[in-house]
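# Observations on the three-dimensional arrangement
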Amino acid sequence: MSIKKIVKYGDAVLRRPSKEVSKISKKIQTLVHDLLDTMYAKNGVGLAAPQIGENLRVFVIDVSTGNQPLHPIVFINPKIIKKSGACSSYEGCLSFPDAYTDVKRYANVMVKALDIHGKPFTIEGKDGSLLARAIQHEFDHLDGILFIDHCRSTFEANRILTEKGLEPVEEDKLLSEPEIEKELESIPSNPGETILANGEKKPEDEA
């Protein structure tokens, strides 16, 4: 297994919808291990196959923090079967080095997927937890959706992207999410969370 180069924002592969995995072959298992190795090497919370140049419906997550033991979760051909509520999430992405902004997310999600051995499982992230937000962030990657497409403030997102030498928000990719926006009316932007969905953990949260 190996640490792979992470595709950066602007590369077309990040906007390409990914294909379902037809068979969990040795190649797919190697891809999973490469994702995990790369995620841990970059101090990430999650990583999706398109981020290492593979448009396949696979992603990995590990939301353990501090001195907790590592707890990797592998998602192959995931499907979100329930979603509800709303939360504001301060997110970054390994494909957007050092760029973070507030985004809109569902507070609760339930996902069905296959593990690395092809065994089906269901997992639920609740109450705006890191798990709930990371699942949505990684799942989006499989459909060519990026975290900035959910930004709460285009102005703020563009300010950060410009500071980091990245291209601005693609206006035509911004998502209309009226049901989430209505629930978020009473929640201020930039809640100051320090644990991020995907991307790098901030220094105080590093293991």
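Whatever comes next refers back to the structure up there.
Residues numbered from 1 in each chain as written. Predicted model: local features only at pLDDT ≥ 70, side-chain atom pairs only at ≥ 80, totals over all residues. Heavy atoms only, no water.

### Quick notes on the overall build of the chain
Scanning the chain from terminus to terminus reveals four helices and seven strands. What you see in the chain, going N to C, is helices and strands ordered as α-β-β-β-β-β-β-β-α-α-α. Here the C-alpha radius of gyration of the chain, 16 Å, is about what a compact globule of 207 residues would show, namely 17 Å. Projected onto its principal axes, the C-alpha coordinates of the chain cover approximately 45 × 35 × 35 Å. Residues classed as buried in the chain amount to 50% of the 207 residues present. Of the roughly 10000 Å² of accessible surface on the chain, 52% is carried by carbon and sulfur atoms. Looking at charge distribution, the chain has the averaged site of its 27 positive side-chain charges lying 6 Å from that of its 32 negative ones. (Helix = DSSP H or I, 4+ residues; strand = E, 2+ residues; numbered from the N terminus. Rg over C-alpha atoms; globule rule 2.2 N^0.38 Å. Buried < 20%, exposed > 50% of the residue type's maximum accessible area, 1.4 Å probe, protein only. Areas by Shrake-Rupley, 256 points an atom, 1.4 Å probe, with all protein chains shown as cover. Lys, Arg positive; Asp, Glu negative; His and termini not counted. Charge placed at Lys NZ, Arg CZ, Asp CG, Glu CD.)

### Notes on unusual backbone geometry
Backbone geometry places Asn77, a non-glycine residue, at a positive phi of 50°. Residue position: Asn77 is located in strand β3 (residues 73-84). Here Asp127, not a glycine, exhibits a phi torsion of approximately 55°, which is positive. By the secondary structure assignment, Asp127 is in the loop between β7 (120-125) and α2 (130-142). Judged by its relative accessible area of 70%, Asp127 is exposed.

### Description of the environment of Glu167
Considering the arrangement of structural elements, one finds Glu167 in the loop between α3 (154-163) and α4 (178-183). With 73 residues separating them along the chain, Glu167 and Leu94 place their C-alpha atoms 15 Å apart. If we ignore the near neighbours within four places in the chain, the residues touching Glu167 are Tyr9 and Leu161. (Contact = heavy atoms within 4.5 Å.)

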